[in-house]
Amino acid sequence: MTRVWRWTDHLFSFRTARPAGFRFTPGQFARLGIKADASEAEPTIWRAYSMVSGPYDEYLEYYSIVVPDGAFTSRLQHLKAGDTIFMEEQNHGFLTLERFALEGDLWMLASGTGLAPFMSMLADPLTWESFDRILLVHSVREEKELAYRKEIEGFGGHPVFGDWAQKLRYQPVVTRESTRFPNQRIPTLIQSNELESVVECPMSLERSKLMLCGNPEMVQDTRASLKQRGFVSARSSRPGQIATENYW
Ligand SMILES: Cc1cc2nc3c(=O)[nH]c(=O)nc-3n(C[C@H](O)[C@H](O)[C@H](O)COP(=O)(O)OP(=O)(O)OC[C@H]3O[C@@H](n4cnc5c(N)ncnc54)[C@H](O)[C@@H]3O)c2cc1C
Ligand SMILES: NC(=O)c1ccc[n+]([C@@H]2O[C@H](COP(=O)([O-])OP(=O)(O)OC[C@H]3O[C@@H](n4cnc5c(N)ncnc54)[C@H](OP(=O)(O)O)[C@@H]3O)[C@@H](O)[C@H]2O)c1
C-alpha cells in the first residue's frame, strides 16, 4: 500500500503499486487479499474491489467501505502506507463500455462505494470521446459521504479531460439529510422524471446507456423502474441499454 486516506470514519481510499503486467478495462475489479492475522503465511480473506484508477495510471486506487465486523474491511481499515495487501493479477467483470454501442448519453448511477468503477471510466479518454453527455448520479446517505466530489467537480481544469468536461453532469443524491440535492432514492427520482429534470437530460431508448453499481437493492429497484420505461439489459446475445454490478 502506498497511500491511504479517509473520507469519513467508515469510508476511505488507498493506492498500491501497479504490477507491470496488470491490465484492466475501466469498470472491472480485482480480488484483494489480506491475512486474517500476521502469523499466516498466505492471505486468507479475499474480496472483490473495483479499480478507481484509470487504465493509464501507474498506480491502482480503490475506494472502500468499513463494514462494522466485516471480516475484510474491519482489518483493511487499519492498514497504512508501507503495509502489504495482496492482489490476484487477474481482471474481472463486465461493467464496461464494451457492453454498449459507443454513442449517445452515458448514465452512471451509483450508490455508496459503487462510485468506484465510474471514476475509473472517467479516467479514460475513451469514455469522454464516446458519448455526447455523461450523467454521473451518486446516491449517499449523508452529504459528507460524497467522496471524490472535488475531483469530479474539478474536471474542468483537468489537463487531459478539461476540454470535454462540459459533457459531464454530476448529480449527488443525499437521502438521509436535508441538503440542496434531491433526497429521494434513484428509482423514485426516475419514476417521477425528477432525475431527468434536475440533470436537464431526457432518458431515451435510442440515446441512453445506463450503468448501475452498488447496493443490490438499489440495482434491482432502479432496473425495475427503467424496465417500466422499456429499457432492457445489454447482453452478448441482445443489445440493450442497461449494465449492472452488485457489490454484495
Ligand atoms: C464485483 C464487486 C466489486 C466490489 N467493489 C467494491 C469496492 O470497490 N469498494 C468496496 O468498498 N466494496 C466493494 N465490493 C464489496 C467488497 O467485496 C466487500 O464486500 C466489502 O469489502 C466488505 O467486506 P467485509 O468482509 O468487511 O464484509 P462482507 O462480509 O463482505 O459484507 C457484509 C455486508 O456488508 C455490506 N457491504 C459489503 N460491501 C459493501 C459496500 N461496498 N458498501 C456498503 N455495504 C457493503 C453488505 O450488507 C454485506 O452483506 C465489491 C463487491 C463485488 C462483488
Ligand atoms: N452511511 C452511514 O452513516 C454508515 C455508517 C456506518 C456504517 N454504515 C454501514 O455501511 C453499510 C452501507 O452503507 P452505505 O450508506 O454506504 O450504503 P447504502 O445503504 O447502500 O446507501 C447508499 C445509498 O443507496 C441508497 N439506497 C439503498 N437502498 C436503495 C434502494 N433499494 N434503491 C435505491 N437506493 C437505495 C441509500 O438510500 P437510503 O438512505 O434511502 O437507504 C443511500 O442513498 C450499512 O451496512 C451500514 O450499516 C453506514
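What comes next concerns the included structure. These numbers were taken from a predicted model, which means no experiment stands behind them.

Reading the values: the criteria
- Residues numbered from 1 in each chain as written.
- Chains lettered and ligands numbered in written order.
- Predicted model: local features only at pLDDT ≥ 70, side-chain atom pairs only at ≥ 80, totals over all residues.
- Heavy atoms only, no water.
- Pairing = 2+ DSSP bridges.
- Helix = DSSP H or I, 4+ residues; strand = E, 2+ residues; numbered from the N terminus.
- Axes fitted to C-alpha atoms, helices over the stretch in contact; angles between N-to-C directions.
- Contact = heavy atoms within 4.5 Å.
- 1 Å grid on protein atoms, 1.4 Å probe; cavity = no way out; pocket = protein on both sides within 12 Å on 5 of 7 lines; lining within 4 Å.
- Points joined across faces, edges and corners; volume = space filled by probe spheres on them.
- Domains from an automatic or database assignment.
- Phe/Tyr/Trp six-rings, centres within 6.5 Å; stacked < 30°, edge-to-face > 60°.
- Lys NZ or Arg CZ within 6 Å of the ring centre and 35° of its normal.

### Here we look at the sheet that holds strand β7 (residues 105-111)
Neighbouring strands of a sheet are bound in pairs by backbone hydrogen bonds; such pairs are parallel or else antiparallel.
Right, so step 1: One open sheet holds the five strands; their spatial order is β9-β8-β7-β10-β11, and the pairing between them is parallel. Sheet topology places β9 (168-174) and β11 (242-246) at the edges, where each strand pairs with a single neighbour. Pairs of neighbouring strands in the sheet enclose a mean axial angle of 10°, with direction left out of account.
Right, so step 2: Set on the sheet, helix α7 (residues 216-227) makes contact with β7, β10 (208-214) and β11; between it and β10 the angle comes to about 155°.

### Here's the deal with the layout of surface pockets
Right, so step 1: Each pocket or cavity is described by its volume, and for the largest pocket that value is around 1200 Å³.
Right, so step 2: Together, 39 residues line the largest pocket, and Ser111, Gly112, Thr113, Asn215 and Trp248 are the ones closest to its centre.
Right, so step 3: Listing elements by their share of the lining of the largest pocket, those giving two or more residues are β4 (45-50), β5 (59-65), β8 (133-140), α5 (186-191), α7 and β11.
Right, so step 4: The element best represented in the lining of the largest pocket is β4, accounting for four residues.
Right, so step 5: For the lining of the largest pocket, the two domains that each supply at least three residues are domain 1 (3-87) and domain 2 (97-246).
Right, so step 6: Space inside the second largest pocket adds up to approximately 440 Å³.
Right, so step 7: When contributions to the lining of the second largest pocket are tallied by element, the ones reaching two or more residues are β1 (3-8), β5, α2 (116-122) and α4 (149-153).

### Quick word on the packing of aromatic side chains
Right, so step 1: All chains considered together, the criterion is met by 14 aromatic pairs.
Right, so step 2: These aromatic residues form a ring-pair network of at least three members: Phe12, Phe14, Tyr49, Tyr62 and Phe72.
Right, so step 3: In this structure, Arg3 packs its charged tip against the face of Trp5, placed 3.9 Å from the ring centre.
Right, so step 4: Across from the ring centre of Tyr59, 3.8 Å away, lies the NZ or CZ of Arg15, which sits over that ring.

Bear in mind that shape data such as this cannot, by itself, settle questions of function.
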